[in-house]
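Breakdown of the fold
These are the residues of each chain, in order.
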Amino acid sequence: MINPTHADYGPIRILVVDDEQVVREVICNALEGPNIFLVETSNGEEAISLLLREAFDLVIADKNLPGITGMDVIRRARAIDPNMGALLITAYASRDSAEEAMAIGVDNYIEKPFGITDLEEKVKDALARREVRQRINEPKTGRSGSVKRRRVTICEPNQEDLDLLIAGIKLLGHQPRSVRQVIEVIETLRTKQADTLICNLELLHLDNARSCFLRSIIQVHPQIRFVAVSQQRNVDNIVQAIHHGARKILYTPLESGMTVARELEGFLGRSILTEPSE
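Residues numbered from 1 in each chain as written. Predicted model: local features only at pLDDT ≥ 70, side-chain atom pairs only at ≥ 80, totals over all residues. Heavy atoms only, no water.

Overview of the overall build of the chain
- Counting secondary structure elements, the chain contains eleven helices and ten strands.
- When each of the 278 residues of the chain is scored for burial, the buried share is 50%.
- For the chain, the exposed surface amounts to about 13,500 Å²; the carbon and sulfur share of it is 48%. (Helix = DSSP H or I, 4+ residues; strand = E, 2+ residues; numbered from the N terminus. Buried < 20%, exposed > 50% of the residue type's maximum accessible area, 1.4 Å probe, protein only. Areas by Shrake-Rupley, 256 points an atom, 1.4 Å probe, with all protein chains shown as cover.)

So, the nonpolar core
- Val 59 and Leu 214 are the most contacted members of the largest nonpolar core, which has 49 residues in total.
- Leu 214 has contacts with Val 182, Val 185, Ile 186, Leu 189, Cys 199 and Leu 204, leaving out every residue within four places of it along the chain.
- Counting residues in each nonpolar core, the second largest holds 19 residues, with Cys 28, Ile 89, Ile 110 and Phe 114 among its members. (Core = buried A, V, L, I, M, F, W, Y, C linked by side-chain atoms within 4.5 Å. Contact = heavy atoms within 4.5 Å.)

Brief notes about the sheet that holds strand β2 (residues 36-41)
- One open sheet holds the five strands; their spatial order is β2-β1-β3-β4-β5, and the pairing between them is parallel. With one partner strand each, in any of the chains shown, β2 and β5 (108-111) form the two edges of the open sheet. Averaged over all pairs of adjacent strands, the angle between strand axes in this sheet comes to 20°, irrespective of strand direction.
- For strand β3 (residues 58-62) and strand β4 (residues 85-90), the ladder comprises five bridges, and the chain directions are parallel. Paired with Leu 58 across the strands is Gly 85, a residue of β4. (Pairing = 2+ DSSP bridges. Axes fitted to C-alpha atoms, helices over the stretch in contact; angles between N-to-C directions.)

Describing the side chain of Thr 196
- Among the structural elements, Thr 196 can be located in strand β8 (residues 196-200).
- At 2.9 Å, the side chain of Thr 196 forms a polar contact with the side chain of Asp 195.
- Every residue in contact with Thr 196, bar those within four places of it in the chain, is listed here: Arg 150, Arg 151, Val 152, Thr 153, Ile 224, Arg 225 and Leu 268. (Polar contact = N/O pair within 3.5 Å; in protein donor to acceptor, adjacent residues only side chain to side chain.)

Looking at the packing of helix α4 (residues 95-104) against helix α10 (residues 235-243)
- Relative orientation of the contacting elements α4 and α10 amounts to 20°, with a least axis distance of 8 Å. One way to sum up the angle between α4 and α10 is to call them roughly parallel. Where α4 crosses over α10, the two elements pack in a sense that is left-handed. Together, Arg 95, Ala 98, Glu 99, Ala 101 and Met 102 of α4 and Val 235, Ile 238, Val 239, Ala 241 and Ile 242 of α10 make up the contact between the two elements.
- Classifying every residue of the contact of α4 with α10 by side-chain character gives eight nonpolar, no polar and two charged. (Parallel < 35°, antiparallel > 145°, perpendicular 65-115°, else oblique. Left-handed = near helix turned anticlockwise from the far one by under 90°. Nonpolar A, V, L, I, M, F, W, Y, C, P; charged D, E, K, R; others polar.)

Concerning the pattern of salt bridges
- Enumeration over the complete set of coordinates arrives at 17 salt bridges.
- Salt-bridge contacts for Arg 233 lead to Glu 99; the nearest nitrogen and oxygen are separated by 2.9 Å. With Arg 233 in the loop between β9 (225-230) and α10 and Glu 99 in helix α4, this pair connects stretches of sequence that are 134 residues apart.
- Judged by its relative accessible area of 46%, Arg 233 is partly exposed.
- The salt bridge partner of Asp 118 is Lys 122, with a shortest N-O separation of 3.3 Å. Of this pair, Asp 118 and Lys 122 are both found in helix α5 (residues 116-135), four residues apart, which corresponds to roughly one turn of the helix.
- By sharing partners, the salt bridges in this structure join Asp 18, Glu 20, Asp 62 and Lys 112 into a single network. (Salt bridge = Lys/Arg side-chain N within 4 Å of Asp/Glu carboxyl O.)

Quick notes on the sheet that holds β9
- In space, the five strands of this open sheet follow the order β7-β6-β8-β9-β10, with parallel pairing throughout. The open sheet has two edge strands with one neighbour each: β7 (175-178) and β10 (248-251). Put simply, the sheet's adjacent strands are angled 20° from each other on average, direction ignored.
- As paired elements, β9 and β10 share four bridges and run parallel to each other. Paired with Val 229 across the two strands is Leu 250, which belongs to β10.
- Contacts between helix α6 (residues 159-171) and the sheet are confined to β6 (151-155), β7, β8, β9 and β10, with β7 contributing the most and set at about 160° to the helix.

Following this line, the structure appears as structure tokens:
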């Protein structure tokens with residue numbers, strides 16, 4: 001049974017979409033509890049019909065549904081409610097599907113076969129992220145489509161790539177700040193000196209206390225816009241980036257500052273505001 005903080009605000013409505021009845025039963029039995037309303041369906045067509053008629057806090061959908069896929073269901077769910085939580089069930093993920101999942105804002109993967117504890121933790125996390133998305137006041141756009149200048153912390157060991165990241169952020173009108181150590185990243189996030197983090201994925205994968213703490217901070221502060229930087233374009237790295245809370249991934253070696261700006265403009269927006277530097 002889950003006990004998310006959302007229960008303090010009202011009932012939780014979860015849509016479970018899987019063509020295997022046994023999977024739906026396992027999920028519903030694991031998540032049932034006070035203040036939790038579960039609706040299940042076996043196909044994407046009915047799932048979308050339900051999404052259009054009813055409000056849900058979270059959708060859990062199998063990636064390989066026949067006909068309308070789980071990815072299509074989540075894409076439609078997010079179009080209806082951009083704050084909605086989304087978990088994707090899969091036995092395996094391809095590189096292309098993982099990149100698509102990141103692009104449409106999947107909160108995490110549930111990999112078959114899954115354990116009940118893992119399922120519960122990912123549901124709690126997805127609901128918590130939904131709550132944060134609802135509370136956050138997105139920066140208002142100005143007459144020229146500009147957004148509030150973002151404070152961007154960049155942690156990238158390769159100096160050439162770091163320089164291009166800084167150049168791209170400046171081209172978008174935002175305020176970059178480079179740091180070298182994980183402990184410096186933690187400090188900027190803890191003291192709210194940054195609202196955006198661009199970090200090399202390898203630093204998050206390190207098996208030490210500081211990297212573990214950084215992963216935890218990113219997980220519990222989903223309001224921080226996190227961009228992962230990776231040297232390898234493979235499915236494992238993309239899935240890990242999603243798991244860590246990344247909503248965008250850049251691949252090195254980077255071509256130019258202009259390329260960085262183009263890659264990030266849709267995610268961060270372009271600022272022409274003249275706020276003083278801190």
